[in-house]
Amino acid sequence: MPKIIDGTAVAADVLAKLKVVAQQLTGETGVVPGIAVVIVGQDPASQVYVASKGKKAKECGFHSTEHALPTHTTEEELVALVEELNADFGIHGVLVQLPLPDHIDSGRIIQTIAPEKDVDGFHFINVGKLGTGQLDTAFVPCTPAGSMILIERVHGRDLSGFNAVVVGRSNIVGKPIANLLLHANATVTIAHSHTKNLPELCRSADILVAAVGRPEMIKADWVKPGATVIDVGINRISGGSNGKARLVGDVAFEEAATKAGAITPVPGGVGPMTIALLMANTLTAASRAAGRAFALEACS
């Protein structure tokens, strides 16, 4: 039987430790970690994510603010708000919920966020630090960072001798997690839509990360016996109870679980870790602002 990697339980453990550190920071320095989340428009999924992030922040003892803007908000108005939050000493993390309306340049907005408050880890400065191995000062995107903690729970922090295959090359997940795996000494291959013999390549992986956005694409015969499978995908498909949509990952879980040594479910795997690592990045930002060092390893 494979080990089912319980992301919900690991995330709860991380959040409990973050809460203790946040209380210590506030008690010793008076600094309360603050996060501001900006949402533009009425996208239902985004509204759910934003509400969840605010709830977790308050549970950790953080100061949390939400800025809900109408769909017709102009790009200049959004830039002005981000710059205002950059200058707010009570806010240590600024998150602009994506996607943004089509008339707003998401890239410009992301690069307007101050790098030291970029808790999503999307600013070019943080991307560059991650790519060059400067993890002590970088903000790492939350989903890859959370995925790495789940991998560490199985294999430890040193992945020397492990072959890792990442299916997907997005700037949000694929490329960052490849860099994290490299930093942990794994031998890494990034696969994508133009990769030949993809099933064969996946079968070479001791650690297989699926982040391609295609429902249940990775089948059992793509998985090396005993491999660790991290499924980052979140896809809604028909066939749920009462005719409702159901959530599945990029891995055909039931069949892949017959081959894997350890595997994350969807939901309940990587998803909860994403929000936990957003809180960790916010605490890191607040600690730095207070002149304190905070190592995520203490909470992971």
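Please refer to the structure placed before this passage.
In this text the structure is predicted, and so the values were computed from the model without any measurement.

Draft legend 1. Structural view of the sheet that holds strand β11 (residues 262–263). Taken together, six strands build an open sheet; the order of strands is β1-β11-β8-β7-β5-β6 and the sheet is parallel. Strands with a single pairing partner mark the edges of an open sheet, and in this sheet they are β1 (3–4) and β6 (187–191). Across two bridges, strand β8 (residues 228–231) lies against β11 in parallel orientation. Considered in β11, the bridge of Val229 is made with Ile263. Set on the sheet, helix α7 (residues 174–183) makes contact with β5 (163–167), β6 and β7 (207–210); between it and β5 the angle comes to about 170 degrees.

Draft legend 2. Local environment of the environment of Leu278. Here Leu278 lies in helix α10 (residues 270–289). Overall, Leu278 belongs to the buried group, its relative accessible area being 2%. Measuring from C-alpha to C-alpha, the distance between Leu278 and Pro2 comes to 29 Å, with 276 residues separating the pair along the chain. Discounting residues that sit within four places of it in the chain, Leu278 has contacts with Ile35, Lys53, Leu95, Val119 and Cys142.

Draft legend 3. Region of the structure containing the pattern of salt bridges. Tallied over the full model, the rule gives eight salt bridges. Measuring nitrogen to oxygen at the nearest pair gives 2.7 Å for the salt bridge that ties Lys224 to Asp206. On the criterion of sequence distance, the pair formed by Lys224 in the loop between β7 and β8 and Asp206 in the loop between α8 (198–202) and β7 is long-range, its members being 18 residues apart. Each of Asp13, Lys17 and Arg153 takes part in a single network of salt bridges with overlapping partners.

Draft legend 4. How the structure looks around the state of the cysteines. Scanning all chains against the criterion turns up zero disulfides. Here Cys142 is not disulfide-linked; the sulfur of Cys60 is the nearest cysteine sulfur, at 13 Å.

Draft legend 5. Expanded view of the pairing of strand β4 (residues 93–96). Side chains of β4 alternate between two faces, with Gly93 and Leu95 and Val94 and Val96 buried alike. Of the strand pairs in this sheet, strand β2 (residues 34–40) and β4 are connected by four bridges, and their pairing is parallel. Each residue of the ladder has a partner; that of Ala36, found in β4, is Val94.

Draft legend 6. Summary view of helix α2 (residues 44–59). Here α2 is 16 residues long and its end C-alpha atoms lie 23 Å apart, about the 22 Å a rise of 1.5 Å per residue gives. By the burial criterion, the buried members of α2 are Ser46, Val50, Lys53, Gly54 and Ala57. Seen from one end, α2 has its buried residues packed into an arc of 95 degrees, which puts them on one side. Those residues of α2 that are exposed and aimed more than 90 degrees away from the buried face are Pro44, Val48 and Lys55. Structurally, α2 contributes buried residues whose contacts are with β2, β3 (63–69), β4 and α10. Gly61 sits one or two residues past α2 and shows a positive phi near 85 degrees.

Conventions used here
- Residues numbered from 1 in each chain as written.
- Predicted model: local features only at pLDDT ≥ 70, side-chain atom pairs only at ≥ 80, totals over all residues.
- Heavy atoms only, no water.
- Pairing = 2+ DSSP bridges.
- Helix = DSSP H or I, 4+ residues; strand = E, 2+ residues; numbered from the N terminus.
- Contact = heavy atoms within 4.5 Å.
- Axes fitted to C-alpha atoms, helices over the stretch in contact; angles between N-to-C directions.
- Buried < 20%, exposed > 50% of the residue type's maximum accessible area, 1.4 Å probe, protein only.
- Salt bridge = Lys/Arg side-chain N within 4 Å of Asp/Glu carboxyl O.
- Disulfide = S-S within 2.5 Å.
- Expected span 1.5 Å × (residues − 1).
- Arc of directions from axis to C-beta.

By themselves these figures say nothing about function.
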